[in-house]
Amino acid sequence: MQALAQSADIFEAFFDQAQIGLALADLSSRYVRVNEAYAALLGRAPEDLIGLSFAEVMHPDERLGPGSPIERLLDGRERTMQTEEAYVGPDGHSVWVLHGVTVVPDEAGTAAWFAVSAQDITERRAAEQDLRALTATLTEQAVRDPLTGLANRTLLEERLRASLARDARTGASTGVLFLDLDGFKAVNDQYGHAVGDAVLCAVAARLSAAVRPSDTVGRLGGDEFVVLVENATAPALRPLVTRLRTAVGAQLVIEGLHLDVGVSIGVAVAERGERDAAQLLGEADRQMYQAKRSGSKDPVGRSRKPQRRPAG
């Protein structure tokens, strides 16, 4: 009896002085006893929690309903659970906890109580969220052109390979438009790289506005752009090429300068995925240079001769 009493005293001391939150709840999930550490997580006094249910201290988005882990504990499918839950205090402040619940049976082995533990993991969750955001940012930066925000070569080729693989299964076609600005070097040389970069950004915005949301506009570098058009045929691409040529050819106003640049466009189409990404890009590139050399007014040709003049 003395050993039993000492054991009970040790348990009482451990429960009350534990650095993690500990609680005992009945099978209706209402607290019958909590320690100071548990109550501190919620910004309450221990006695204020007695009689409250789990649902009353959890964030509304985290409250347990039908099919919840608690339900599985009650019907005997599980004996213990560990989840990450958001508690909310009376002032509305939320704290994330590692929430553990174990079924405590009576002498007959029937579920009688819930033993609950809770550890504050708010800082860890915030760090994980920051890491996820940083990872997403770095991933986005890895596939985006840093100047224009368009897809870079990596993302463009990835999407092109995926489109061609899909075409091989479905029998559809994919089109690639290769664009090279006419007169950009002269603008860059005369007015400097800052103006040149502004021209590239303006052209990128015009290209993006002229295509469908499902199309991919990318910048390969310098003044070379590519538009990937899925489910496309050569005849269907001609109106798009005309639209892009008109968009790029409209006069630009950059830092008080009125600038005119043109664009040469080459088109290549792969049917049923019969060409790989490199072949398709190479064919569109060759068509673009042919259009540039010939000065063609065809929709895959050059839009206009470049001009530049100061405002006024």
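Predicted, not measured: the structure shown is a model, and the values here were computed from it.

Caption draft 1: Inspection of the packing of aromatic side chains at higher detail. For the structure shown, the criterion picks out four aromatic pairs. For the pair tyrosine 31 and tyrosine 38, a centre-to-centre distance of 5.4 Å together with 65° between the ring planes defines the contact as edge-to-face. A single burial state applies to tyrosine 31 and to tyrosine 38, both of which are buried. Ring geometry for phenylalanine 54 and phenylalanine 114: centres 6.3 Å apart, planes at 35°, overall tilted. Remark: phenylalanine 114 occurs in strand S5 (residues 111-120) and phenylalanine 54 occurs in helix H4 (residues 54-57); sequence separation between them is 60 residues. Residue class for phenylalanine 54 comes out buried when judged on its relative accessible area of 2%. Feature note: the residues Tyr31, Tyr38, Phe54, Tyr87 and Phe114 constitute an aromatic cluster, connected by ring pairs.

Caption draft 2: Seen up close, helix H11 (residues 277-294). Counted at 1.5 Å a residue, the expected span for H11 with its 18 residues is 26 Å, and the 26 Å between its end C-alpha atoms agrees. The secondary structure elements touched by the buried residues of H11 are helix H7 (153-170), strand S6 (173-182), strand S8 (224-230) and strand S11 (262-271). Positioned one or two residues after H11, glycine 295 has a phi angle of 65°, which is positive.

Caption draft 3: Structural context of the sheet that holds strand S4 (residues 94-105). Spatially, S2-S1-S5-S4-S3 is the arrangement adopted by the five strands of the open sheet, whose pairing is antiparallel. Looking at the sheet topology across the chains shown, the edges are occupied by strand S2 (31-34) and strand S3 (80-88). Averaged over all pairs of adjacent strands, the angle between strand axes in this sheet comes to 25°, irrespective of strand direction. Seen against the sheet, helix H6 (residues 122-142) touches S3, S4 and S5 and runs at an angle of roughly 125° to S4.

Caption draft 4: Just the packing of H7 against H11, in detail. Two elements in contact, H7 and H11, have axes separated by 9 Å at closest approach and are oriented at 110°. In terms of their interaxial angle, H7 and H11 are classed as roughly perpendicular. Mapping the contact onto sequence places Glu157, Leu160, Arg161 and Leu164 in H7 and Ala277, Leu280 and Leu281 in H11.

Caption draft 5: Spotlight on the sheet that holds strand S7 (residues 216-221). In spatial order, the strands read S7-S8-S6-S11; together these four strands make up an open sheet with antiparallel pairing. Only two strands of the sheet have a single neighbouring strand rather than two, namely S7 and S11. Averaged over neighbouring strand pairs, the angle between their axes works out to 20° when direction is ignored. Here S6 runs beside S8; their pairing, made up of seven bridges, is antiparallel.

Caption draft 6: Representation of unusual backbone geometry. Despite not being glycine, serine 29 has its phi angle at roughly 65°, a positive value. On the basis of relative accessible area, serine 29 is assigned to the buried category, the value being 12%. With a phi close to 55°, arginine 272 is a non-glycine residue in the positive phi region. With respect to the helices, strands and loops of the structure, arginine 272 is situated in the loop between S11 and H11. On the basis of relative accessible area, arginine 272 is assigned to the partly exposed category, the value being 42%.

What counts, and where the lines are drawn
- Residues numbered from 1 in each chain as written.
- Predicted model: local features only at pLDDT ≥ 70, side-chain atom pairs only at ≥ 80, totals over all residues.
- Heavy atoms only, no water.
- Phe/Tyr/Trp six-rings, centres within 6.5 Å; stacked < 30°, edge-to-face > 60°.
- Buried < 20%, exposed > 50% of the residue type's maximum accessible area, 1.4 Å probe, protein only.
- Helix = DSSP H or I, 4+ residues; strand = E, 2+ residues; numbered from the N terminus.
- Expected span 1.5 Å × (residues − 1).
- Contact = heavy atoms within 4.5 Å.
- Pairing = 2+ DSSP bridges.
- Axes fitted to C-alpha atoms, helices over the stretch in contact; angles between N-to-C directions.
- Parallel < 35°, antiparallel > 145°, perpendicular 65-115°, else oblique.

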